[in-house]
Amino acid sequence: MEVIICPDADEVGRVAAAKVARVCADEERPVLGLATGSSPLAIYAHLAAKVEAGELDLSAVDAFALDEYVGLDRNHPESYASVIARTVTEPLRMDPARVHVPDGAAEDVEAAAEAYERAISEAGGVSVQILGIGTNGHIGFNEPTSSFSSRTRIKTLAERTRLDNQRFFSSLEEVPTHCLTQGLGTIMDARHVLLVAQGAAKADAVAATVEGPVSAVCPASILQHHRRATVVLDEAAASGLRLRGYYQHVYAHKPGWQRFA
Ligand code: GLP
């Protein structure tokens, strides 16, 4: 894994956005993998600035979000369909018809999950998957002990996750209990994976992901098996890493041709 430690959360967004832009420039028909949550918001802000400046055009790019709540109306302001429209599609001037979110309101959730997997393959697979991380080590909504080969499917949310996400709703009862999420196998199929984390609350999950054993108890640790995994952290999120100094040394001596920021 390439681990990049930045002085603050905004720099995390700048560096990660540069990585996304680099992959988009390198591929003929790039496909973006989107994440919700607060972690990637700085990436989207920096990408939006590039679009604004005419340095990046995402209007013909396909994109796939990681997950969606089950049992929440698509038009609810906290459905991931609404969140992605608000934080990604509009500011990045993407084509809404090309930005996909799993259909958590489908009558046949299993069929919706299969259709989502098919749509990703038909688009050519994801070029770069943006990821945040849950305090329990989840990526997407793949909670601890999720199968490493899982595909898009319905999952029951961990109580930890519901408590963490309660801030977006008026009460804990309002937080859905289920979701539709890309599996760990789906995420691992992306050609690049890019995980960002900010703040001390993520330090333990980040340490387990980067330096812990690969174990389904920390689902994000599967990323150690990915050929092109980049982890961009602020100092607080990196504070639990034993090899901090080494990662800083490697980044400072990165050969020019490998640099993207
Ligand atoms: C959410 C999402 C994840 C996200 C994580 C962390 O519930 N399903 O994709 O990475 O939890 O969220 P945040 O970035 O707000 O801390």
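These lines cover the structure that appears in this document, whether it is placed above or below. (Residues numbered from 1 in each chain as written. Predicted model: local features only at pLDDT ≥ 70, side-chain atom pairs only at ≥ 80, totals over all residues. Heavy atoms only, no water.)

### So, the site of the ligand
If you check the shell around the ligand, you find 13 residues, and the closest are Ser38, Ser39, Asp67, Arg167 and Lys202. In the environment of the ligand, an oxygen atom lies 2.5 Å from a nitrogen or oxygen atom belonging to the side chain of Ser39. One of the side-chain nitrogen or oxygen atoms of Asp67 is found 2.9 Å away from a nitrogen atom of the ligand. Burial of the ligand by the surrounding chains reaches 93%, relative to a free accessible area of 390 Å². A class-by-class count of the residues in the shell around the ligand yields 3 nonpolar, 7 polar and 3 charged. (Near = heavy atom within 4 Å. Polar contact = N/O pair within 3.5 Å; in protein donor to acceptor, adjacent residues only side chain to side chain. Areas by Shrake-Rupley, 256 points an atom, 1.4 Å probe, with all protein chains shown as cover. Nonpolar A, V, L, I, M, F, W, Y, C, P; charged D, E, K, R; others polar.)

### Structural notes on the sheet that holds strand 7 (residues 153-156)
One open sheet accounts for 3 strands, arranged 4-8-7; its pairing is antiparallel. Both edges of this open sheet fall to strand 4 (67-70) and strand 7, since each of them pairs with a single strand only. The average undirected angle you get between the axes of adjacent strands in this sheet is 30°. Here 4 bridges tie strand 4 to strand 8 (residues 178-181), and the two strands are oriented antiparallel to one another. The residue of strand 8 that forms the bridge with Glu68 is Leu180. (Pairing = 2+ DSSP bridges. Helix = DSSP H or I, 4+ residues; strand = E, 2+ residues; numbered from the N terminus. Axes fitted to C-alpha atoms, helices over the stretch in contact; angles between N-to-C directions.)

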